[in-house]
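# Summary of structural features
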Number of protein chains: 2
Amino acid sequence: MQRVDAGLSVSGTARSRSASIRDVARIAGVSHQTVSRVINRHAKVSPATRERVQKVIDELGFRPNASARALANGDTQSVTVLMSDTTRYGYLATLTGIEEAARAASFSVGIVVIESGSSSHVRAAIENAIDTGGALVVVAFDKTGQLALREVPERIPMAAAVESPASAPPAGAPWCWIDDEAAARDATRYLLELGHPTVHYVALPSTTRSSRRTAGWRSALRRAGIDPPTPLQADWGALSGHEAGVFLSRDPGVSAILCGNDEIALGVLSALHAERRKIPGDVSVAGFDDEPQSAFYTPALTTTKLDFVALGRSCFATVTARLGGEHVEPHPVGTPELVVRASTGSPRRARS
Amino acid sequence: MQRVDAGLSVSGTARSRSASIRDVARIAGVSHQTVSRVINRHAKVSPATRERVQKVIDELGFRPNASARALANGDTQSVTVLMSDTTRYGYLATLTGIEEAARAASFSVGIVVIESGSSSHVRAAIENAIDTGGALVVVAFDKTGQLALREVPERIPMAAAVESPASAPPAGAPWCWIDDEAAARDATRYLLELGHPTVHYVALPSTTRSSRRTAGWRSALRRAGIDPPTPLQADWGALSGHEAGVFLSRDPGVSAILCGNDEIALGVLSALHAERRKIPGDVSVAGFDDEPQSAFYTPALTTTKLDFVALGRSCFATVTARLGGEHVEPHPVGTPELVVRASTGSPRRARS
DNA sequence: GGCGCTAGTGTGACCGGTCACACCAGAGGT
DNA sequence: ACCTCTGGTGTGACCGGTCACACTAGCGCC
């Protein structure tokens, strides 16, 4: 009979079984429970024992098995991010923020892409998180995300990155958002201060009854004594921005356009160019997000920098707080910051 | 003494323990092993038993515990994606492809962002994947990814999305890539056919000794009997494209610029505008990737569509094949497709 | 000197699956 | 009638941790 040393197999087929807590215990001459105490930084271990065990752990390269740990105490130290099927900047930046914070806390991060059509896999993902004891972060900027958010049962540890809520959110709701209203108000005010008689708005689809971004724009206009024009409805992409741009370019009264995000703004820019309007001579354009590319649009886009990475970090902090049983009040994250570039300027004096 | 029914607690604090395989077994009047056989679609279960057990499973909403399963047979049904810290389109599209394929195979997807500075957490992530029995996909388009790739030991199930290799890759290397050389050759040939005397190239950083994209561009020129000019070196962002664009715009002999990706192309466009060169009248510009925004640049960008989603799917297929012990030959994925838009055209007849 | 207390350690069950193996009944062959 | 084979099922150990609890030794204290 032949026996192969699994630990030293060269062929690579036999996966060497890594050291377990009992191996460490045997070599260090202690019980497995003491090893467990050492790896969990339990207080009641004598320094001498701790050191001896630690040495064996290092020598063996022992690493506790996450599955076993999860099975035993239902604590997976993991977060699953639910996010809709998109390659948009804000989403990925948020994910990056979550991952960054999670890594610092040595949590692992899972990702599930949710598709608008079928919610069954969303439910599956949620259930999966539940029965592995994991936490959930839902990126719910859009309708698909909101639907997923609604599927999450009350009791499971969750946080959500959302659009600014229309009214004060339910106390204890684990929501994080960027202050859309202030951002929109500031951007609108900036455009008015340039001398524009009014500011037109191309809106993102809103998940709330009343978008705070739209509200901010409106309130800035009202405060200046201006009756807000009807906002145009776009979706998230440049194409719908282009369509809105074509429409607006035909109205000579339009001299300033605020767009729901930089992609829409890009579409508006392209439409204005196609319609031979000068930017910012004839029309000023501003966006939201400050994507990395926006500085290189033609002309460079004035926009509002939104800190999605901080938003992601905050989501993670919220969900871990809940995991620890702490109470977290919903709160906005970060301070939107207007970035002025070449796409906005004072309106040309009317010729008449 | 008070006892709370954990299963029906309304408060939400007590997490109801979900049904286990033994609960199902007891209710169905079979052994736990039979239940195991049912959930694993094992052949040797009589139809009657199978149906009875399945009914109980459905009624109880039983879902097998992933941790327990992983612990028992070392099979986590999970993939961890290692990806550098970026919000670039190609990366996220690749991730989307991986996730899509993984979801279809009911694998879970983890993500670890790798930072160029510290490789310790990369090692930690790899070890983690090893001792939970998970697989790895490394997105190694850039240097950071390549470094991570090198950290992965031979024996663990892995696939990598890479730049086209300079020479035939080692047999059995689990690499997937897009055919950069063909893509660059076709794009260059297209520009030459428009009548440009030569094509200048703004290169992405390459992870290989000899970038296939650069090689494709070069070979197209040589085939046309043209001595290739020195390519310009950029990084991945629009800023470096802008710098390259400024440089090239000062050379009146430059009439066509091929760029390593759409972001660089965007930078080049912005530089050309700043230098008052007409596009495509004075200079034609083309990119790579076909990002969603590229159609809305000024002018709309001619580019080559690269199917990153298919690349991601292929990475997943590769890694699962390896997980199953199959042999996979390294291979390119998808067919790059030139998308002609307004940023390229025939050169203006020389005035002289 | 006996008591309680506590710091430090060990024991065995348990989490929820899977695996190897034992077992049994009935079909089919001789 | 007996043996073998095979489809269908059950038993108990095991994966690698954690938990509750038992135990011991040394200390301070009356």
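Small disclaimer: the values here were computed from a predicted structure and weren't measured. (Residues numbered from 1 in each chain as written. Chains lettered and ligands numbered in written order. Predicted model: local features only at pLDDT ≥ 70, side-chain atom pairs only at ≥ 80, totals over all residues. Heavy atoms only, no water.)

## A word on the packing of helix H2 (residues 32-39) of chain A against helix H3 (residues 47-60) of chain A
Relative placement of two packed helices is described by the angle separating their axes and the distance separating the axes. Residue and element names in this part refer to chain A. Put simply, the rule is: Axis definition: a line fitted to C-alpha atoms, limited for helices to the stretch in contact. Angles are taken between N-to-C directions and run from 0 to 180 degrees. Working definition: helices are DSSP H or I runs of at least four residues, strands are E runs of at least two. Numbering for both runs from the N terminus. In this scheme, roughly parallel covers angles under 35 degrees and roughly antiparallel covers those over 145, while 65 to 115 is roughly perpendicular and the rest are oblique. Throughout, a contact is declared for two residues whenever any of their heavy atoms are within 4.5 Å. Lys, Arg, Asp and Glu make up the charged group, whereas Ala, Val, Leu, Ile, Met, Phe, Trp, Tyr, Cys and Pro make up the nonpolar group; the residues left over, Gly among them, are polar.
Axis separation between H2 and H3 bottoms out at 10 Å; the angle between their running directions is 90 degrees. Relative to H3, H2 is oriented roughly perpendicular. Here Thr34, Val35, Val38 and Ile39 of H2 lie close against H3, whose contacting residues are Thr49, Arg50, Val53, Gln54 and Ile57. Along the lines of polarity and charge, the residues of the contact of H2 with H3 split into five nonpolar, three polar and one charged.

## Quick notes on the domain arrangement of chain A
Applicable threshold: Domain segmentation is taken from an automatic or database assignment of domains.
With domains assigned, chain A is organised as domain 1 (6-62), domain 2 (76-179 + 310-334) and domain 3 (180-307). Each of domain 1 of chain A and domain 2 of chain A has a C-alpha centre, and these two points are 36 Å apart.

## Topic: the nonpolar core
Our working rule: Only buried Ala, Val, Leu, Ile, Met, Phe, Trp, Tyr and Cys residues count toward a nonpolar core, and they belong to the same one when joined by side-chain atoms within 4.5 Å. Each residue is placed in one exposure class: buried if its accessible area under a 1.4 Å probe, protein chains only, is under 20% of its type's maximum, exposed if it is over 50%, and partly exposed if it falls in between.
Of all hydrophobic cores here, the largest spans 138 residues; its most connected members are Val285 of chain A together with Val285 of chain B. Discounting residues that sit within four places of it in the chain, Val285 of chain B has contacts with Ile257, Cys259, Ala265, Val268, Leu269, Leu272, Ile279, Leu301, Thr302, Ser343 and Thr344 of chain B.

## Things to note about the sheet that holds strand E8 (residues 256-259) of chain A
Whether parallel or antiparallel, the strands of a sheet pair through hydrogen bonds between backbone atoms. Residues and elements named next belong to chain A. Quick note on the threshold: What makes two strands pair is DSSP finding at least two bridges between them.
If you walk across this open sheet you meet the four strands as E7-E6-E8-E9, and the pairing is parallel. Looking at which strands have only one partner, the edges of the open sheet turn out to be strand E7 (232-233) and strand E9 (284-286). Sheet topology note: the E8/E9 ladder contains three bridges and is parallel. Bridging from a neighbouring strand, Ile257 pairs with Val285 of E9. Lying on the sheet, helix H8 (residues 180-193) is in contact with E8 and E9; it crosses E8 at an angle near 165 degrees.

## Quick word on the protein's contact with DNA strand C
Here is the rule: When we say a residue is near a molecule or strand, we mean one of its heavy atoms is within 4 Å of it. Any pair of nitrogen or oxygen atoms within 3.5 Å is treated as a polar contact; in protein, a donor-acceptor pairing is required on top of that, and neighbouring residues in sequence qualify only through side-chain atoms on both sides.
Near DNA strand C there are 29 residues, and of these Thr49 of chain A together with Ile21, Arg22, Gln33 and Ser36 of chain B occur at the shortest range. Close to the protein, within 4 Å, the atoms of DNA strand C belong to sugar or phosphate groups at a rate of 54%. A distance of 2.8 Å separates a phosphate oxygen of DNA strand C from a polar backbone atom of Ser31 of chain A. Thr34 of chain A places a side-chain nitrogen or oxygen 2.7 Å from a phosphate oxygen of DNA strand C. Elements that contribute at least two residues to the surface near DNA strand C include exactly H2 and helix H4 (66-73) of chain A together with helix H1 (21-28), helix H2 (32-39) and helix H4 (66-73) of chain B. A per-element tally of the surface near DNA strand C places H4 of chain B first, with five residues.

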